[in-house]
Amino acid sequence: MELFIATVVYFVIAIIIVLAGLFIFENMTRKYKDMEEVKNGNIAVALSVVGKIVGICIILSFAIYNSGRFTDTIIWGLVGVVLQMIAYWLFDLFTRNFSVEEELKKNNIAVGVMSVGVSIGLAFVIGASIT
């Protein structure tokens, strides 16, 4: 029964952190609102959102696997969200020929795919660093 309860608690923690992360990312973008764009069929933004969700979940999975306490998972989850935000900001900074945010708004699917790759790839690096 303890394992069942732990699973439910980790699930709730993950949902809360993913929703918090999405809320923060939603407020980071100035040129559009993620869920509004997804509702309107913007595939590039949808890909970017999926990358953020999967990235946060990858980090959380490493945190759950490597931590013995719920609080460790919460801390690492929040650290992961912050590092994912930094990664997104750096991605936008290093693409000096165009604005990631503007291209996502224009439904540039290639930029959406790159955004997914950045989020997921760095999530594995962030997650692997959790000890």
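Structure: see above.
Visitor: I'm lost on the nonpolar core in this one. Help?
Guide: Soluble globular proteins tend to bury their nonpolar side chains together. One finds Ile17, Ile56, Leu60, Tyr88, Val100 and Leu104 to be the most contacted residues of the largest nonpolar core, which totals 20 residues. Among the elements that line this core, the one with the most residues is helix H1 (residues 2-28), at seven residues. Ignoring any residue separated from it by four or fewer positions in sequence, one finds leucine 60 in contact with Ala14, Ile17, Val18, Thr73 and Gly77. Residues Ile59, Ala123, Ile126 and Ile130 belong to the second largest nonpolar core, which totals six residues.

Visitor: Would you explain helix H4 (residues 70-94) in this entry?
Guide: One turn of an α-helix holds 3.6 residues; hence residues three or four places apart share an orientation. Over its 25 residues, H4 extends 36 Å from the first C-alpha to the last, a length consistent with the 36 Å expected when each residue adds 1.5 Å. What H4 keeps buried is the set Thr73, Gly77, Gly80, Val81, Gln84, Met85, Ala87, Tyr88 and Phe91. In this structure, the buried side of H4 is in contact with H1, helix H3 (43-66), helix H5 (100-105) and helix H6 (109-128).

Visitor: Got a minute to help me understand the pattern of salt bridges in this structure?
Guide: Note on pairing: side chains with opposite charge can pair once their charged atoms come close. One pass over the structure, following the stated rule, counts five salt bridges. When the shortest N-O distance is used, the salt bridge between aspartate 34 and lysine 52 registers 3.9 Å. With aspartate 34 in helix H2 (residues 34-39) and lysine 52 in helix H3, the pair connects residues that are 18 residues apart, well separated along the chain. Looking at lysine 52, the relative accessible area reads 1%, which means it is buried.

Visitor: Before we go on, may I ask you to explain a nonpolar patch on the surface in this structure?
Guide: Together, Met1, Phe4, Ile5, Val8, Phe11, Val12, Ile15, Ile16 and Leu19 line one region of the surface with nonpolar side chains, adding up to about 940 Å² of accessible area. Within the secondary structure, isoleucine 16 is located in helix H1. The exposure class of isoleucine 16 is exposed, given its relative accessible area of 53%.

Visitor: Just to check I follow, could you spell out the packing of H3 against H6 for this structure?
Guide: For any two helices packed against each other, one specifies the inter-axial angle together with the distance between the axes. One can describe the packing of H3 onto H6 by two numbers: an axis separation of 8 Å at closest approach and a directional angle of 5°. Classed by the angle they form, the pair H3 and H6 counts as roughly parallel. Counting all contacts with H3, which are made through Ile43, Ala44, Leu47, Ser48, Gly51, Lys52, Val54, Gly55, Ile58, Ile59 and Phe62, the residues of H6 involved are Ile109, Gly112, Val113, Ser115, Val116, Ser119, Ile120, Ala123, Phe124, Ile126, Gly127 and Ala128. Of the residues assigned to the contact of H3 with H6, the class counts are 15 nonpolar, seven polar and one charged.

Visitor: What am I meant to see in the packing of aromatic side chains here?
Guide: Aromatic ring pairs are defined here through the distance separating the ring centres and the angle between the ring planes. Tallying each qualifying case throughout the model produces three aromatic pairs. Pairing tyrosine 10 with phenylalanine 70 gives two aromatic rings, centres 4.9 Å apart and planes at 65°, and the pair type is edge-to-face. Of this pair, tyrosine 10 sits in helix H1 while phenylalanine 70 sits in helix H4, placing them 60 residues apart in sequence. Note that lysine 52 overlies the ring of tyrosine 88, its terminal NZ or CZ placed 4.7 Å from the centroid.

Visitor: How should the packing of H1 against H3 be read in this particular structure?
Guide: Taken N-terminus to C-terminus, the directions of H1 and H3 make an angle of 140°; their axes are 10 Å apart at the nearest point. The angle between the axes of H1 and H3 places the two elements in the oblique class. Here H1 and H3 pass one another in a crossing that is right-handed. Here Tyr10, Ala14, Ile17, Val18, Gly21, Leu22 and Phe25 of H1 come into contact with H3, specifically with Val49, Lys52, Ile53, Ile56, Cys57, Leu60 and Ile64. Its residues placed into classes, the contact of H1 with H3 shows twelve nonpolar, one polar and one charged.

Conventions used here
- Chains are numbered independently. Their residues run from 1 in the order of the written sequence.
- Restriction of local features to residues with pLDDT of at least 70 applies here, the model being predicted, together with a cutoff of 80 or more for giving and counting side-chain atom pairs; totals for whole chains, interfaces and linings are based on all residues.
- Values shown for side chains rest on all heavy atoms present in the structure; no hydrogens or waters enter the calculation.
- Among buried residues, the Ala, Val, Leu, Ile, Met, Phe, Trp, Tyr and Cys ones that are joined through side-chain atoms within 4.5 Å form a nonpolar core.
- Burial classification: accessible surface area is computed with a 1.4 Å probe over protein chains only, and a residue below 20% of its type maximum counts as buried, one above 50% as exposed, and the rest as partly exposed.
- Strands here are runs of E lasting at least two residues and helices are runs of H or I lasting at least four, both read from the DSSP assignment and numbered beginning at the N terminus.
- Contact definition: two residues touch when any of their heavy atoms are within 4.5 Å.
- By definition here, a helix of n residues has an expected span of 1.5 Å times n minus one.
- We define a salt bridge as a side-chain nitrogen of Lys or Arg found within 4 Å of a carboxyl oxygen belonging to Asp or Glu.
- Note that patches include only residues with greater than 30% relative accessible area and no salt bridge, and the join distances are 9 Å for like charges and 5 Å for nonpolar side chains (Val, Leu, Ile, Met, Phe, Trp, Tyr).
- Per-residue accessibility takes into account occlusion by the displayed protein chains alone, with areas from the Shrake-Rupley method and a 1.4 Å probe.
- Helix axes are fitted to C-alpha atoms over the stretch in contact, other axes to C-alpha atoms as well, and angles between N-to-C directions run from 0 to 180 degrees.
- Note on terminology: angles under 35 degrees are roughly parallel, angles over 145 are roughly antiparallel, angles of 65 to 115 are roughly perpendicular, and the others are oblique.
- For this classification, Asp, Glu, Lys and Arg are treated as charged, while Ala, Val, Leu, Ile, Met, Phe, Trp, Tyr, Cys and Pro are nonpolar and the rest, including Gly, are polar.
- Whether two aromatic rings pair depends on their centres lying within 6.5 Å, for rings of Phe, Tyr and Trp, where Trp uses its six-membered ring; planes under 30 degrees apart make the pair stacked, over 60 edge-to-face, and the rest tilted.
- Comment: the charge-over-ring label is applied if NZ (Lys) or CZ (Arg) is within 6 Å of the ring centre and within 35 degrees of the ring normal.
- Crossings are assigned a handedness: left-handed for a near helix turned anticlockwise from the far helix by less than a right angle, right-handed for a clockwise turn.

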